[in-house]
Amino acid sequence: MKKVALFLANGFEEIEALGTIDVLRRAQIPLQTVSVTGDRNVTGAHDITVLADTTFAELDFSAIDVLVLPGGMPGAKHLNEHEELKQRVKEYAEKGEIVAAICAAPMILGGLGLLDGKKATCYPGFEPELLGAKTVGEKVVVDGNLITGKGPGLVFDFALQLVETIAGIGTRKEVQNGLLL
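Definitions and cut-offs
Residues numbered from 1 in each chain as written. Predicted model: local features only at pLDDT ≥ 70, side-chain atom pairs only at ≥ 80, totals over all residues. Heavy atoms only, no water. Helix = DSSP H or I, 4+ residues; strand = E, 2+ residues; numbered from the N terminus. Polar contact = N/O pair within 3.5 Å; in protein donor to acceptor, adjacent residues only side chain to side chain. Core = buried A, V, L, I, M, F, W, Y, C linked by side-chain atoms within 4.5 Å. Buried < 20%, exposed > 50% of the residue type's maximum accessible area, 1.4 Å probe, protein only. Contact = heavy atoms within 4.5 Å. Pairing = 2+ DSSP bridges. Axes fitted to C-alpha atoms, helices over the stretch in contact; angles between N-to-C directions.

Trainee: It is not clear to me how the side chain of N145 should be interpreted in this structure. Could you clarify?
Mentor: Of note, N145 is situated in the loop between β10 (140-143) and β11 (146-149). In terms of polar contacts, N145 uses its side chain to reach the backbone carbonyl oxygen of E97, at 2.6 Å.

Trainee: When you look at the nonpolar core in this model, what are you seeing that I'm missing?
Mentor: It is characteristic of soluble globular proteins that their nonpolar side chains tend to be buried jointly. F7, L67, L69, L79, L85, V89 and L109 are the most contacted members of the largest nonpolar core, which has 33 residues in total. With four residues, helix α3 (residues 83-94) is the largest single contributor of residues to this core. Look past the residues within four positions of L67 in its chain and what remains in contact with it is A5, F7, F61, R88, V89, Y92, I98, V99 and A100. Judged by nonpolar contacts, the second largest core, of 30 residues, contains I21, V42, C103 and I147.

Trainee: What's the story with the sheet that holds strand β6 (residues 66-69) in this structure? I'm lost.
Mentor: Two strands in a sheet stick together by hydrogen bonds in their backbones, pointing the same way (parallel) or opposite ways (antiparallel). Spatially, the seven strands line up as an open sheet ordered β5-β2-β1-β6-β7-β11-β10, and their pairing is mixed. Across the chains shown, the open sheet's two edge strands, defined by having one partner strand only, are β5 (54-55) and β10. As paired strands, β10 and β11 are joined by four bridges and run antiparallel to one another. Bridge pairing links D143 to L146 in β11. Where α3 meets the sheet, its contacts fall on β1 (4-8), β6, β7 (98-102) and β11, and the angle it forms with β6 comes to roughly 130 degrees. Each of β1, β6, β7, β10 and β11 is contacted by helix α5 (residues 155-167), which is oriented at about 175 degrees to β7, the strand it contacts most.

Written out as structure tokens, the structure reads:
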């Protein structure tokens, strides 16, 4: 099974990060939360502090197949300022590995030129940041190996799409039914 790293920066959107973590773990998809701050304690946009599984410096990228970027402000901005993370995102995307971003975080993909000619969605108002993308208003967009989500109220759509992409439609339906969706 593919292994996932979900990156956390101070100011992350808690619903997007924790909802995605919860759904993927319900699907028994191996997932590590990764702080980009250098400290495993990371505080979200609404003052909820979580303890990440590891830090960026400690993460063994050779054991990771999928990268997930939650949004929130200023969390997405902080992720976008992390040059080593952006380098890894670009490498993964160019190798055809799954890279997923929700809310404001698709701006990272746009800034790296990864959305050129691709369909993508994001939180309303961030469309200009998705450089080269064909922006659409859908809840979740899959274009090749890139998955983008619109925002916090749609976290289940985003996370369930990740489950489907990683573990198949059967696992998605099982998790979805368990969540009463």
